Amino acid sequence: MVSYQNPVSHQLIDGGMLLKEWQTDFATTGRLLVSFRKWYYNAAGFNKIGLMRDDTIHEDSDVKEALRRLPEKVYNDRMFRLKRALDLSMKQAVLPKEQRTQYEEDVHYLEPYLKEVIRERKEVEEWSKK
Amino acid sequence: MKGIRGISKLSTRLYAAQVARKLDVSVEHVKFQPQEVQVTKLPSGLMIASLDNYSPGSRIGVFVKAGCRYESPENQGVTHLLRLAANLTTKGASAFRICRGVEAVGGSLGVTSSRENMIYSVDCLRDHIDTVMEYLINVTTAPEFRPWEVSDLTPRVKMDKALAAQTPQMGVIEGLHGAAYKNALSNSLYCPDYMVSQVDSDHMHNFIQNNFTSARMALVGLGVEHNVLKQVGEQFLNIRSGMGTAGTKAQYRGGEVRVQNGSSLVHSVVVSEGAAVGTDEAMAFSVLQHVLGAGPHIKRGSNPTSKLFQGVAKATADPFDASAFNSNYSDSGLFGVYTISQSAAAGDVIKAAISQVKAVTGGVSEADLTRAKTQLKAEYLMSLESSEGLLDAMGSQALSGGVYHSPEAIAQKIDSVSATDVANAANKFVSGKKSMASSGNLIKTPFVDEI
């Protein structure tokens, strides 16, 4: 029989919170690379106002569609973090060290949804070329 | 000269004649033997039925015993959503791919659902069966019901309901089932208002898990080989075994529902409990339906063969319509009269129609009986003429009984109905507890206990 095409599987089940898959994607997970990444994360500074990496992503049409697909709880948490960050930015303040997002806590919640949206868009483009 | 110059070109034209000559030269004619419908039951409980009618187009259907009677009080409306969700993303293909893939081979994928069954069917040219079969199996066994895709169905649910509300018949018949039964068969084919945006992905997954099991499915094909279907059934359609949740037995209660609106035409149906599918009584009810009149056979004619029509014509001079209503389900049925009349004459029309049925309890003449049997046979045979009708008949019979009865066998059964059977059926209607559903301007419409 004919074989099935396998799209990127996305874990929707447990509220969209992933484990750190991207850490294992790289062949070199040596201690040097990890400590560099930690340093870079803290240097970027968005964790000081309580944001995660996916909160800062630029909202183009793909990202907007991926955000539309987020489960309600994840979306509400994102909105809360953005509001808190706007408030801190207005006050020209940062969070105390204990409340800042840590490198280990950062979850790329939007990544599977975004990947799926981009895959679907590419599929439509492929078919329209035919 | 022009004419003679043209003559030399004659040998290069005359294409049709050249082709015809070639065909005469061919040595063998492939003889196609007429095939019978083959039905087998796999060990997993899946029924496979097929007929190779050598047609250039094939039609394959997956029939599941998962109609709206199997909805529970918590997930009312899930079958309506499932009906609309047939094209959504599955594990093997995205929604876009299913749509374009089926279009690319010139096929079509559709879903029908009744109170008893859900039917997913694809049709396409014979050569492209593999492709569309893949999509069909994907849709029936591995849908993903992504939450955002399911919530995007809400406008379509509302559109469906609005379209159904346009025809008074839909409202009356859904209301009738709601009034006549306590459970199972009282569920509506359409999603109730309060559930319109509340049915979600989990409800749909649970319904599929509990009801789309191999023992309750039939894979039916027209224009495909039996072995191909068997292979597909064994490999792909045995994901969930067992009977799933058992459906509840439908309990007839006999109630009334009245929908007062401004319409000048009153639609009214009065029924009492009928017979289940496949019983001899059901055959008697079908014959009785045609004795009384089951719709005009000539457009805009005076319907002279319909007892109901002739009887009611004496009661009112205004336009009306009266026909016998007959439904058969796996464990129950409904039989009665459906009338459409002007609101002032509604009472007279309904009473005249019911008295016509009472008249049949006294006996029906030989001529009427033969005429009714012929009409019933003709209706059944003509429904088998189209590929949808034939697929439907094969699938419903495979699911309910496990056996396909040939048209000849059915015609014999119809012939064996006697006048006493028909009179008994009429008696059952007259003496049974009535249910009624009416809509329109109901001032002059009697209540069910006033009939």
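- If you look chain B up in an unreviewed UniProt entry, it shows as Ubiquinol-cytochrome c reductase core protein 2 from Oncorhynchus kisutch.

- The name an unreviewed UniProt entry gives chain A is Cytochrome b-c1 complex subunit 7, with Oncorhynchus kisutch as the organism.
- Check the Subcellular location (unreviewed entry) section of the UniProt entry for chain A; it says "Mitochondrion inner membrane".
- In its Sequence similarities (unreviewed entry) section, UniProt records this for chain A: "Belongs to the UQCRB/QCR7 family."

**Some points on the state of the cysteines**
Residues and elements named next belong to chain B.
- For the structure on display, the rule yields zero disulfides over all chains.
- The thiol of cysteine 68 is unpaired, and the distance to the nearest cysteine sulfur, on cysteine 191, comes to 12 Å.
- Lacking any disulfide linkage, cysteine 124 is separated from the closest cysteine sulfur, that of cysteine 99, by 15 Å.
- Relative accessible area serves as the criterion here: at 7%, cysteine 124 is assigned to the buried category.

**Description of the sheet that holds strand 3 (residues 57–64) of chain B**
Residue and element names in this part refer to chain B.
- Across the sheet, which stays open at both edges, the six strands sit in the order 1-2-6-3-5-4 with mixed pairing between neighbours. A strand with exactly one partner marks an edge of an open sheet, and here the two such strands are strand 1 (38–41) and strand 4 (108–113). In this sheet, adjacent strand axes meet at a mean angle of 15 degrees when their direction is disregarded.
- Where strand 3 and strand 6 (residues 217–222) come together, six bridges link them in antiparallel fashion. Each bridged residue has a counterpart across the sheet, and for valine 64 the counterpart in strand 6 is methionine 217.
- Along the sheet, helix 10 (residues 226–236) contacts strand 1, strand 2 (47–51), strand 3 and strand 6; its crossing angle with strand 2, the most-contacted strand, is approximately 155 degrees.

**Observations concerning helix 8 (residues 168–180) of chain B**
- Over its 13 residues, helix 8 of chain B runs 18 Å from end to end, which matches the ideal 18 Å to within 8%, given 1.5 Å per residue.
- Where helix 8 of chain B is buried, its residues touch strand 7 (256–260), strand 8 (265–273), strand 9 (320–328), strand 10 (333–342) and strand 11 (435–440) of chain B.

**So, the environment of Asn238(B)**
Residues and elements named next belong to chain B.
- Position of asparagine 238 among the secondary structure elements: in the loop between helix 10 and strand 7.
- For the pair asparagine 238 and proline 407, spaced 169 residues apart in the sequence, the C-alpha separation amounts to 31 Å.
- Those residues within four positions of asparagine 238 in sequence are excluded, and the remaining contacts are Ser44, Ser214 and Gly233.

**Some remarks on the pattern of salt bridges**
- Within the structure shown, the criterion is met by 31 salt bridges over all chains.
- Between Glu104(A) and Lys38(A) there is a salt bridge, with its nearest N and O atoms 2.9 Å apart. Taken together, the residues Glu104(A) in the loop between helix 4 (72–91) and helix 5 (111–129) and Lys38(A) in helix 2 (residues 31–44) connect sequence positions 66 residues apart.
- Salt-bridge contacts for Lys129(A) lead to Glu126(A); the nearest nitrogen and oxygen are separated by 3.5 Å. A residue pair is termed a helical-turn pair when its members lie 3 or 4 positions apart in one helix, as Lys129(A) and Glu126(A) do in helix 5 at three residues.
- By relative accessible area, which is 66% here, Lys129(A) ends up exposed.
- Owing to a relative accessible area of 46%, Glu126(A) belongs among the partly exposed residues under this scheme.
- Among the ionic contacts, a cluster of salt bridges with common partners joins Glu65(A), Arg68(A), Arg69(A), Glu116(A), Arg119(A), Glu120(A), Glu144(B), Arg146(B) and Asp152(B).

**Considerations on the packing of helix 11 (residues 280–292) of chain B against helix 17 (residues 419–431) of chain B**
Residue and element names in this part refer to chain B.
- Put simply, helix 11 and helix 17 touch, their axes get as near as 8 Å, and they point 85 degrees apart. Overall, the two elements helix 11 and helix 17 adopt an arrangement that is roughly perpendicular. Contact with helix 11, carried on its side by Glu281, Ala284, Phe285, Val287, Leu288 and Val291, involves Asp421, Val422, Ala425, Ala426 and Lys428 of helix 17 and no other residues of that element.
- Counted by class, the contact of helix 11 with helix 17 contains eight nonpolar, no polar and three charged residues.

**Focus on the sheet that holds strand 8 of chain B**
Residues and elements named next belong to chain B.
- Overall, mixed pairing links the five strands, which are arranged 7-11-8-10-9 in an open sheet. In the strand order of this sheet, the two ends are held by strand 7 and strand 9, each with one partner. Between one strand axis and the next, the sheet turns through 10 degrees on average, direction left out of account.
- One ladder, built from nine bridges, connects strand 8 with strand 10; its direction is antiparallel. Paired with valine 269 across the two strands is tyrosine 338, which belongs to strand 10.
- Its contacts with the sheet put helix 11 on strand 8, strand 9 and strand 10, and the angle it makes with strand 9 is roughly 170 degrees.
- Here helix 17 sits on the sheet and contacts strand 8 and strand 10; the angle it forms with strand 8, its principal contact strand, is near 110 degrees.

The rules we used
Residues numbered from 1 in each chain as written. Chains lettered and ligands numbered in written order. Predicted model: local features only at pLDDT ≥ 70, side-chain atom pairs only at ≥ 80, totals over all residues. Heavy atoms only, no water. UniProt positions renumbered as here; feature names shortened; annotations may be inferred. Disulfide = S-S within 2.5 Å. Buried < 20%, exposed > 50% of the residue type's maximum accessible area, 1.4 Å probe, protein only. Pairing = 2+ DSSP bridges. Helix = DSSP H or I, 4+ residues; strand = E, 2+ residues; numbered from the N terminus. Axes fitted to C-alpha atoms, helices over the stretch in contact; angles between N-to-C directions. Contact = heavy atoms within 4.5 Å. Expected span 1.5 Å × (residues − 1). Salt bridge = Lys/Arg side-chain N within 4 Å of Asp/Glu carboxyl O. Parallel < 35°, antiparallel > 145°, perpendicular 65-115°, else oblique. Nonpolar A, V, L, I, M, F, W, Y, C, P; charged D, E, K, R; others polar.

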